[in-house]
Amino acid sequence: MIEILQNVIFGFQVALQPTNLIYCFFGVLIGTLVGVLPGLGPAAAIALLLPTTFKITPVSATIMLAGIYYGAMYGGSTTSILVNIPGEAASVVTCLDGYQMALKGRAGPALGIAAFGSFIAGTFAVIALTFVGPLLSNIALAFGPPEYFSLMIVGITVLTFLSSGSMIKALIMAGVGLILSGVGMDTISGKYRFTFNIQSLLDGVGVVPVAMGLFGISEVLLNLETEINRDILTTKVKNLFPTLKDWADSLWSIVRGSILGFFLGIIPGGGAVVASFASYAIEKKASKHPEEFGKGAIQGVAGPESANNSAAGGSFIPLLTLGIPANPVMAILLGALMIHGLQPGPLLMQNAPDLFWGTIVSMYIGNAMLLVLNLPLIPLWVKVLKVPYYLLYPLILLFCLIGAYSLDNTVADIVIMLIFGILGFLMKKLRYDGAPMILALVLGQKLETSLRRSLIMSQGDFSIFVTRPISLGFLITAVLLLIVPVVTQRKRLSTLKEG
Amino acid sequence: MKDKADRASGLFWLTFSVFVSYQSYKLGLGTLHQPGPGFLFFWTGIVTAILSVTVIVISLRKRSSEETQQPTFGKKNVTKIVLVLISLLLYALFMEWLGFLIVTLLFFIFLLGVIEKKRWLFAILVSLIVTAISYLVFERALQSQLPQGLLDFLRF
C-alpha cells in the first residue's frame, strides 16, 4: 500500500513537470479536437502526430499520445449530442439518446452529464490502473514464451471475434497482418524475408505508415465518395450543469459504466467501442422505463460515455504491463514506444518507472483538464464542426504526408501509406476490418519469436502450449471464441471498430 | 454485386496466401526442433488460403438470393477520388526534387482550385497560408527536416 502511494507521488513529480504538463494539455486538446471531427479517429491522429514527438523525451511523448486517446472519448460525445454525428466510433451509441435530449432542448444537461460521467469514469479507471497494473506486472514476470504466444493468440482472436462483419474475413486480415510483420530481417537466422530486393523493405513494414493509410487516407477517400452532410443544431446550449434529478437518474449508470468499461478495456481485443455498446444494453435492461431509451433517456448518455472513458483507461493495462496492445489504438502506441526505444512489458515498471507512473498519473491530471476544458469550450467545438470538408480533407491529407515522411525522412513510407490507404478503402467497401491487421502486424515479431523459442525449449514438442496451465487457459479461450460463431449466431456487440 | 466482390477479394487473398507460402517454403521451414525463418509464414499462408477459399465458397452459395444488393462502387465522385489519389502520388514522387514548399503549394492549389473548383484567388491565398504555417510548424518548431529540393539554395 505504502509502496503504491510512493509510486503515485513519484508519478506526480514526473507528471507535474512543466513540460509534461504542457504536453498533457496538448494531448487532451488535440484529442478533443479529433473526437469532435468526424472522419478522423484517435488511431489515425496518434499515428499522424507521432513524428512530432521525436524531439521530446519518451515520457512527454507517451503522456501526449495517451492524452489524445482519452481526450477523443470526451470530444466524441459533443458531436453525437449536438449533430447526431459521432465524432468517433465509441460515441456512436451516445447519438441514440443524446441527440434526442438535444432535440428536446436538453443539450446542456446531456453534454454536462457526458463530461462529468467521463471524468468520474476516467478517474476511476486511473485509480484502478494504479492498483491492478503492478499486480499484473508481477504475474506477467512469470510468463515464459509459451504463455506469451498463447496470450497474443487470444488477443488477436478476441479482436477478430468482436470486429465488424464476417469473422472469417477478420481472420484473413489477421493472417495478412502477421505475414506483413515478417517482411525484413529475421531476427533469429538473420535472413531477409519477403523483401524482393527492394531497399526500403529491408527494415520491414512499419505499423505507423500502415495505420495512417488504413485509418487516415482511406477514411478521407470514403468521405469524398459520400460527402458528409451536417446539420448543426442551432439552439443555444444552456444549463450545462445537470440538475439534482439528472444526477439521481444517472449516478448508478455512471458507476456501472465505469466498472464495466474498465474490465472490457483490460481484455485484449476489447476497448472503448465495445464498452459503450455493452453499457447501453445493460442500462436499458436495468432501467425501470426501458421504453424511454431512444427518446432521450439521460442514462443512455451517462452509461456509455462513462464506459468508453473507463475502457480507454483500462486498455493501457495490457500495454504497459504485458506489452500486448488491447486494440488498434494501443497497437499504434506500442509502435510509438518502440520507436522511442522502449519495450513495453512486465519489466517496463522497473526499467522506466518515470514513464510508467508518469503516464498513469498524467491521466488523473488530463481528466481534470478535460473537464475544465470541455464544458466552457463547447461553443468553440461547435464552430470547429462548421469548418467545411473541402478545407478539412486537404489538411488531413497534408498531415498524413508530412507525418509519414518525417518518420524516417523517406518517401518510401509515404508510398507504403498510400498503398494501404487504397487497400483500406477497398477493404472498407468489401467489408474487411482493418483492426486485426494492425494488431497482428504489431504483434507479429513477438509472436514468431515466442513460438520459435517455445519450440526450441520443448525440443519441437507442441504440447508445451497445453501442458502449462496459463497457456492452456488462454488457448481454450481462443478456441471457444473460434467455435462459438460457428455453432451459434455471433452476437454483434458492435458494428464499428476501435480507431 | 457484393457476392461478386467477395469472390474477387477471396481470390485475391488466395493468390496472395499461396504466394506467401511458396516464398516461405523457399526460405526454409526448418525442423520442429529448430523452426526456420519460413516456418510461421508458411503455415499462416496455408490457413489464410483456406479462409479465402471459405469466403469464395460462401459467396458462390448465396449467389441467387442477394443479387439485388447495392453496387459496391458508386459511380459518384469516382473521378474525384482518382484525382486525389493521383495528386497524392505526384506529391510523393516530386517531394524530394521540388522540395516541401513548392510541392505543398501546388498540391493545395490543385485540390482547392481544380478538384473542389473554388475561386482561384481563394485557392491560391489559402494554399499560401497553409504552406507557410505548416512550414513554420513542422520545419521550424518541430525540426522535421522536410526536403528543401529546388529551394535548397535559399536556406532561410
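Residues numbered from 1 in each chain as written. Chains lettered and ligands numbered in written order. Predicted model: local features only at pLDDT ≥ 70, side-chain atom pairs only at ≥ 80, totals over all residues.

## Notes on the overall build of chain A
Note the cut-off: Helix and strand assignments come from DSSP, with helices taken as H or I runs of at least 4 residues and strands as E runs of at least 2, each series counted from the N terminus. All radius of gyration figures rest on C-alpha atoms, and the globule criterion is 2.2 Å times the number of residues raised to 0.38. Whether a residue is buried, exposed or partly exposed follows from its count of other C-beta atoms within 10 Å of its own C-beta, namely 20 or more, 12 or fewer, or something in between, respectively; the C-beta atoms are built from the backbone.
The number of helices and strands found in chain A is 21 helices and 2 strands. Taken over the C-alpha trace, chain A has a radius of gyration of 22 Å; the compact-globule value for 499 residues is 23 Å, and the two agree within 12%. By its C-alpha atoms, chain A is 70 × 55 × 50 Å across when sized along the principal axes. Classification of the 499 residues of chain A by burial places 61% in the buried group.

## What to know about the overall build of chain B
In plain terms, the rule: This entry defines residue contacts through backbone-placed C-beta atoms, with two residues in contact when those atoms are within 7 Å.
In terms of helices and strands, chain B carries 5 helices and 0 strands. Along its sequence from the N terminus, chain B presents helices and strands in the succession α-α-α-α-α. In chain B, buried positions account for 28% of the 156 residues. Nonlocal contacts in chain B, meaning residues at least 24 apart in sequence, comprise 59% of its contacts between residues at least 6 apart.

## Looking at the confidence of the model for chain B
Low-confidence regions, as indicated by low pLDDT, have predicted coordinates that should not be scrutinised in detail. Residue and element names in this part refer to chain B. What counts is decided by this rule: One number per residue, pLDDT, summarises how confident the predictor is, and it ranges from 0 to 100.
Averaged over all residues, the pLDDT of chain B is 86; the fraction at 70 or higher stands at 87%. Across chain B, element-level confidence peaks in helix 4 (residues 100-115) with a mean pLDDT of 93 and bottoms out in helix 1 (residues 2-27) with 90. Scored as a whole, the predicted complex attains pTM 0.88, and scored at its interfaces, ipTM 0.90.

## Quick notes on the domain arrangement of chain B
Just so we agree on the cut-off: Segment limits for the domains were obtained from an automatic or database-derived domain assignment.
Under the domain assignment, chain B is made up of domain 1 (2-61) and domain 2 (78-153). Centre-to-centre separation of domain 1 of chain B and domain 2 of chain B, based on C-alpha positions: 40 Å.

## A word on the interface of chain A and chain B
How big an interface is tends to be stated in terms of the accessible area lost upon association of its parts. Let me state the cut-off plainly: When residues are sorted by character, Ala, Val, Leu, Ile, Met, Phe, Trp, Tyr, Cys and Pro go into the nonpolar class, Asp, Glu, Lys and Arg into the charged class, and all the rest, Gly among them, into the polar class.
Taken together, the 43 residues of chain A in the interface contact 51 residues of chain B. Counting residues per element, the ones that place at least two in the side of chain A that touches chain B are helix 8 (167-181), helix 9 (207-226), helix 17 (389-408), helix 18 (411-429) and helix 19 (435-457) of chain A. For the side of chain A that touches chain B, the residue count by class is 26 nonpolar, 8 polar and 9 charged.

## Focus: the environment of Ala 107 of chain A
Residue and element names in this part refer to chain A. Relative to the assigned elements, Ala 107 resides in helix 6 (residues 107-141). On the neighbour-count criterion, Ala 107 (24 C-beta atoms within 10 Å) is buried. Along the chain, Ala 107 and Thr 78 lie 29 residues apart, while their C-alpha atoms are 9.4 Å from each other.

## A few points about the packing of helix 7 (residues 145-162) of chain A against helix 8 of chain A
Residue and element names in this part refer to chain A. The criterion, for reference: Axes here mean lines fitted to C-alpha atoms, for a helix over just the part in contact, with angles spanning 0 to 180 degrees between N-to-C directions. Note on terminology: angles under 35 degrees are roughly parallel, angles over 145 are roughly antiparallel, angles of 65 to 115 are roughly perpendicular, and the others are oblique. Left-handed describes a crossing whose near helix is turned anticlockwise from the far helix through less than a right angle; right-handed describes the clockwise counterpart.
Direction vectors running N to C along helix 7 and helix 8 enclose 140°, while the axes themselves pass 8 Å from each other. As the angle between them shows, helix 7 and helix 8 are arranged oblique. Seen along the crossing, helix 7 lies across helix 8 with a hand that is right-handed. Judged by residue contacts, Ile 156, Thr 160 and Phe 161 of helix 7 engage Met 167, Ala 170, Leu 171 and Ala 174 from helix 8.

## A closer look at the packing of helix 5 (residues 94-103) of chain A against helix 12 (residues 299-314) of chain A
Axes are the key here: two packed helices are described by the angle between their axes and the distance separating the axes. Residues and elements named next belong to chain A. At a closest axis distance of 8 Å, the pairing of helix 5 and helix 12 adopts a crossing angle of 135°. Looking at the two axes, helix 5 sits oblique to helix 12. The hand of the helix 5/helix 12 crossing is left-handed. Facing helix 5, whose interface residues are Thr 94, Leu 96, Asp 97, Gly 98 and Met 101, helix 12 presents Gly 300, Val 301, Pro 304 and Glu 305. Grouping the amino acids of the contact of helix 5 with helix 12 by side-chain chemistry returns 4 nonpolar, 3 polar and 2 charged.

## Notes on the environment of Tyr 91 of chain B
With respect to the helices, strands and loops of the structure, Tyr 91 of chain B is situated in helix 3 (residues 78-98). Classification of Tyr 91 of chain B by C-beta neighbours within 10 Å gives buried; the count is 23. Along the backbone, Tyr 91 of chain B and Phe 107 of chain B are 16 residues apart, and their C-alpha atoms lie at a distance of 6.9 Å. The contact partners of Tyr 91 of chain B, leaving out residues within four places of it in the chain, are Leu 401 of chain A together with Val 103 and Phe 107 of chain B.

## Some points on helix 5 of chain A
All names here are of chain A. Along helix 5, 9 of the 10 residues are buried, which leaves the element largely enclosed by surrounding structure. Here helix 5 has its buried residues at Thr 94, Cys 95, Leu 96, Asp 97, Gly 98, Tyr 99, Gln 100, Met 101 and Ala 102. For helix 5, the secondary structure elements touched by its buried residues are helix 4 (58-83), helix 6 and helix 12. Downstream of helix 5 by one or two residues, Gly 105 has phi in the positive range, about 85°.

## Notes on unusual backbone geometry
All names here are of chain A. Backbone geometry places Phe 196, a non-glycine residue, at a positive phi of 50°. Residue position: Phe 196 is located in the loop between strand 2 (192-193) and helix 9. By the C-beta count within 10 Å, which is 9 here, Phe 196 ends up exposed. Located in the positive-phi region is Arg 431, a residue other than glycine, with phi close to 60°. For Arg 431, the location among the structural elements is in the loop between helix 18 and helix 19. Exposure remark for Arg 431: the 16 C-beta atoms within 10 Å place this residue in the partly exposed category.

## Quick look at the environment of Thr 54 of chain B
All names here are of chain B. Looking at the secondary structure, you find Thr 54 in helix 2 (residues 39-61). Take Thr 54: there are 16 C-beta atoms within 10 Å of it, and that puts it in the partly exposed class. In this structure the C-alpha to C-alpha distance between Thr 54 and Leu 27, which are 27 residues apart in sequence, comes to 27 Å.

## Brief notes about the nonpolar core
Selection rule: In this usage, the nonpolar core is the set of buried Ala, Val, Leu, Ile, Met, Phe, Trp, Tyr and Cys residues whose C-beta atoms join them within 7 Å.
Counting residues in each nonpolar core, the largest one holds 200 residues, and the members touching the most others are Ile 46, Ala 211, Ile 332 and Ile 438 of chain A. Among the elements that line this core, the one with the most residues is helix 6 of chain A, at 16 residues. Two domains share this core, each providing at least three of its residues, namely domain 1 (2-61) and domain 2 (78-153) of chain B. Here Ile 438 of chain A is in contact with Gly 177, Val 207, Val 210, Ala 211, Leu 214, Pro 328 and Ala 331 of chain A, once residues within four sequence places are set aside.

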